[in-house]
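What the coordinates show
Each chain, written out:
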Amino acid sequence: MVMRSSPLPRMSRRGRVTVGVLIGVFLLFTLMGWAVEVWTDWLWFDEVDYTQVYTGVLTTRILLFFAIGLAMAVVVGGNLYLAYRLRPLLRPHSAEQATLERYRMVLSPRIGTWIAVLSVIIGLFAGLSGQSRWRDWLLFRNSVPFGASDPEFKIDVSFYVFEYPFWRYLLGVGFTAVVLSVLGALAVHYIFGGVRLQGIGDRMTAAARAHLTSLVAAFVLLKAIAYVLDRRALLLEQDPPNLYGAGYADINALLPAKEILAYISVVVAIAIIVFSNAVMRNLVWPGVSLALLAISAVAIGGIYPWAVQTFEVNPSVRDKERDYIERSINATRDAFGLAQTDMKAYTATNLTPPATLATDTSVVPNIRLLDPELVSQSYTQLQQVRGFYDFGQKLDIDRYTLNGKTQDYVVGVREINYSRLTAQQGNWLNRHTVYTHGYGLVGAPANQVVCGGQPYFVSGFLGDDQSGEACASKTEQIDVEQPRIYYGERVGGGQQGADYAIVGQTDPERNVEYDRPTGASGDQGINYTYTGEGGVEIGSFMRRLLYGIKERESNFLLSDAVNDNSKLLYVRNPRDRVEKVAPFLTMDGDPYPAVVGGRIQWVLDGYTTAGTYPYSQRVNLQSETTDELTNVGTFQLARENVNYIRNSVKATVDAYDGTVRLYEFDDTDPVLKAWNKAFGGDLVTPKSQIPPDLAAHFRYPADLFKVQRNLLARYHVTDPGEFFNGSDFWEVPNAPDAPDTGVKQPPYYLLTQFPEQDAPRFQITSAVTPLGRQNLAALISGSYVDGKPQLQVWELPDQTAVQGPVQVHQRMTNTNAQIRQDLNLLSSNQAQVLYGNLLSLPFGGGMLYVEPVYVKSNQENAYPVLQKILMSYGDGGSYVVLANNLQEGIKELVEQGKRGAPQQGGNENENPPPPTTGGNQQLTPELRAAADKIDSAWAEVKAARAAGDWEREGRALKALDDAMAEFQSALDAANRGNGGSTPAPTATATPPPASPSPTPGGG
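Below, the structure is looked at part by part. What you see is a predicted model; the values in this text were computed from it and never measured. Each chain carries its own residue numbering, running from 1 in the written order of its sequence. This being a predicted model, a pLDDT of at least 70 is required before a residue's local features are given, and a value of 80 or more before pairs of side-chain atoms are given or counted; all residues contribute to the totals for chains, interfaces and linings. Side-chain metrics rest on all non-hydrogen atoms present in the structure, leaving aside hydrogens and water.

1. Concerning the overall build of the protein chain
The criterion, for reference: Counting from the N terminus, the helices are the DSSP runs of H or I reaching at least four residues and the strands are the DSSP runs of E reaching at least two. With a 1.4 Å probe rolled over the protein chains alone, any residue whose accessible area is under 20% of its type maximum counts as buried; one over 50% counts as exposed, and the rest are partly exposed. Whether two residues touch is decided by their heavy atoms; if any such pair falls within 4.5 Å, the residues are in contact. The Shrake-Rupley method, run with a 1.4 Å probe sphere, supplies the accessible areas, and residue values consider only the shown protein chains as cover.
Counting its secondary structure elements, the protein chain contains 26 helices and 34 strands. Within the protein chain, the fraction of its 1003 residues that count as buried is 54%. Intrachain contacts of the protein chain at a sequence separation of at least 6 include 69% that bridge at least 24 residues. Element-wise, carbon and sulfur atoms account for 55% of the exposed surface of the protein chain, whose accessible area totals about 44000 Å².

Structure follows, in structure tokens:
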């Protein structure tokens, strides 16, 4: 008897033991790491009292992992085993079969094991994919009606938002399972002789043919289901006129084509099974059927819609697509909350400063002078006290009512910035047990400066007595009972262990946490021990071991700073904290602090979003919300594509104990209702239970406003024909003081009263310009009225003479000789001029522009100081002042208006001619050269105005000013040479006064 050797070498016993130990160690550490994460996450969610979110998400992910993984493993493994069971017992002899015999000898003794291992691997990857779809499943299972139907199929929108994504995923799982089954079954049939490439007789046994053709038929049936879903998906895809949703060709050609292809697919699936196994018992007709399906898909689903689009739609796109453009307009306005936008006409025909500017009590007194980005440096230098305190790159705007008067304040919290600790301060003990928190909310009125341009601080003082402070309030005006900041924006960082603090002491007499400096010079310190409810208790040995493993830090077990009363505070960034509690929300990028009930609360805006709202425009949140302030004290949003958004949740995080609260803000949002239902029905606090003192600090969220503003730039046009032409579209202007950078001007918060508003309100505002031009088209504002969001648009008429932000800044700073000279005096090698928010304020039938001017010394630790205020009225250039303060500027504007014509320093367009006296003397060569330069410069000014290029005009006017100065110098020299007589020029170099030609544009 001849013994056949195994084709694969057998591993030694020691080798098998070694491999087994390595696999065991790998699994041990993997499972231990997973167990530590699960346990610590449970403790954290238990601390914040949102365990229903943790258990709900974890349970759903586990169930999906096993359900999808098991289904995939069973389908693929079952087909592999079926292919093995259908193997022929007798196979013809051939070289091919002799070669395959070696593999059969390896597989046959343990075929069940091989199939099980392969199925488990496939199921593992499928399960990992499935568990990531927990959001789709929870929405699918907890779907609630929208109460609105799509315009084509009349199906409730909830199908597209809640059900369609999961059906599409399941269909993808089905296709994957069938394709893997076909490939696996074909391989098994080939190895065991069911499919042969050589030898006599049929190339495939009847059993193998029946098995494989059934799988192919299943694939075609899934394709039929895909065609049915594709009909619904047409309402979600982009249409050729750059809109979303099905257009004329889609509805009249592609939609019926998908239905026909679905029926053809069913017929082809039946034909494959019947002709392959019952009639001809070969693969010729099934192959023909598949070929006909492919040809039909190309002809019916491709060529025919293309022909309709090319020969019927394109010649008259506007008329053919009119109804579908209207669908997209209506759906986009509904999905992004634009449908109730209040559109108002604002003529802005008054170009002369009215006298009422000097007596106004609603707009002028509330004009914000402090820029929250620039004055953050002032806060840091003037209120920092210690080098490790930080206010961030940008402060926030909020409003408070003090002494019966409501006004906006620039506020910031004095936080610990761990990156600013010295090497000695930054050791583990100090970092995590001593420097644990910041102290105080520092605020200053947004419309007031003192002490040569500094903010007037009214809160957040570290000492008890401010009587010696000439530049600050003597007492706390914004009362805070608990000023300590354990949770804030500066304690995150995304690094391992970067943000945790260990607090709590067994000895009540031993306070180790640095609280705040004290003493006359601040050279002494007060220590403190945390007494809040927040934090995870880590007094036991097991908890210390657990978190020592999690943070990879042995000091949890070795340090005396960790005691029986210790608590661990982690995930301390408010935005990260809310995202962990509510992972289904998209968080706004600008959390802000507010004093509510005597405690500092971080207020955050949470959005519910969807990407499958039929006919709605799809936008990318990151690109739509990026502007000059992105990542400057704000967070950049993720690259999420959405076509539905609601500010459905207002969240708060207590700065002292980290308590998280989710408040329902949009009680009509179906997406929030579905999520609330998915987590037990009490995840969010009803809107009716929002504390009034908290609601008083709600503000229209900045990122939502940016998205809506950008969409309103197009979707304020509701007539389909005009929308198709695009002649009245708007755009957001670039930053006025840096237009060449290409970054957009950020919106700004103001407490002011716009036309037809009955009282001043806290609102976020932005100017927009006509597409491709720079004059002002409209002002857009977002605010809350009776607790409900309201968008308002003040649209200027076509051919308006009112300039946009970039033009106004250029004309105020570059085209007025006196202002230009004053600004140059402020700027030098030792200082630089910085410009604050350029505010566009409709007032008195015209436009008032205000732009604070800061000066920052180049010396170390210098901070910007408000030195001047640029103001303009009318068309942006006729009446301009550079004043020391707001009252002075308003007074000068009113005086200019009374005179009826701008004076020197107020009108940059009047360029005085060179001084002349009578006489017949000829020009000196120097005077003639200077006169030629004036003529050239004036020609450039006129050319720039004709082209509507205001930046070019600014440069030309500066050159004209320089030429005038050179002419005056030459004239003075000539006077001295002639004993005081002035030669009369024979060539004219006198540019006539001219008013700027308004850039034609629309509102």
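2. Digging into the side chain of N142
This is how the line gets drawn: As used in this structure description, the phrase polar contact means that two N or O atoms lie within 3.5 Å; if the pair is within protein, one of them must be able to donate a hydrogen and the other to accept it, and residues adjacent in sequence are counted only when both atoms belong to side chains.
One can find N142 in the loop between α5 (134-141) and α6 (158-191). Since its relative accessible area comes to 9%, N142 is described here as buried. Within polar-contact distance, the side chain of N142 engages the backbone oxygen of L138 at 2.7 Å. Other than its neighbours up to four places away in sequence, N142 contacts A674, K677 and A678.

3. A word on the state of the cysteines
Condition: Disulfide assignment relies on a single distance test, namely cysteine sulfur atoms paired within 2.5 Å.
On inspection of all chains with the given rule, the structure shows one disulfide. Each sulfur of the disulfide joining C451 and C471 lies 1.8 Å from the other. Judged by the torsion about the S-S bond (-105 degrees), the C451/C471 disulfide is left-handed. One end of the pair, C451, is in the loop between β10 (449-450) and β11 (454-455); the other, C471, is in the loop between β11 and β12 (484-485), and 20 residues separate them in sequence. Residue class for C451 comes out partly exposed when judged on its relative accessible area of 38%.

4. Quick notes on the packing of aromatic side chains
Put simply, the rule reads: Two rings belonging to Phe, Tyr or Trp (six-membered ring only in the last case) form a pair when the distance between their centres is within 6.5 Å. Interplanar angles under 30 degrees mark stacking, angles over 60 mark edge-to-face geometry, and anything in between is tilted. Put simply, a charge is over a ring when the Lys NZ or the Arg CZ is close to the ring centre, within 6 Å, and near the line of the ring normal, within 35 degrees.
Inspection of every chain in the model, using the stated rule, returns 43 aromatic pairs. Centroid distance Y435 to Y514: 5.8 Å. Interplanar angle 50 degrees. Geometry classified as tilted. One end of the pair, Y435, is in the loop between α13 (428-434) and β8 (438-439); the other, Y514, is in strand β14 (residues 513-518), and 79 residues separate them in sequence. Exposure remark for Y435: the relative accessible area of 12% places this residue in the buried category. Ring plane angle 55 degrees and centroid distance 5.0 Å describe the contact between F665 and Y784, whose orientation is recorded as tilted. Of the two residues, F665 sits in the loop between β24 (660-664) and α18 (670-678) while Y784 sits in strand β28 (residues 778-785), which places them 119 residues apart along the sequence. Here the two residues F665 and Y784 agree in accessibility, since each one is buried. Clustering of aromatic rings is evident, with ring pairs tying together W137, F140, F166, W167 and Y169. For R484, the ring lying beneath its charged end belongs to Y528, and the centroid distance is 3.9 Å.

5. Considerations on the sheet that holds strand β9 (residues 441-445)
Quick note on the threshold: DSSP-based pairing: two strands are paired if at least 2 bridges between them are found. Under this scheme, a helix contributes an axis fitted over its contacting stretch, all axes are lines through C-alpha atoms, and angles between N-to-C directions fall in the 0 to 180 degree range.
Across the sheet, three strands lie side by side as β5-β6-β9; this open sheet has antiparallel pairing. In the strand order of this sheet, the two ends are held by β5 (396-402) and β9, each with one partner. Between one strand axis and the next, the sheet turns through 45 degrees on average, direction left out of account. Sheet topology note: the strand β6 (residues 405-413)/β9 ladder contains five bridges and is antiparallel.

6. Considering α18
Every α-helix carries 3.6 residues per turn, so stepping three or four residues along brings you back to the same face. Buried within α18 we find P670, V671, L672, A674, W675 and N676. The elements touched by buried residues of α18 are α5, α6, β20 (599-610), β23 (644-654) and β24. G680, located one to two residues past α18, shows a positive phi value of around 100 degrees.

7. Things to note about the pattern of salt bridges
Note the threshold: Take a side-chain nitrogen of Lys or Arg and a carboxyl oxygen of Asp or Glu: if they are within 4 Å of each other, that pair is a salt bridge.
Scanning the entire structure with this criterion turns up 29 salt bridges. Three or more residues are tied together by salt bridges with common partners; here these are K394, D396, D590 and R699.

Keep in mind that these numbers describe shape and distance, not what the molecule does.
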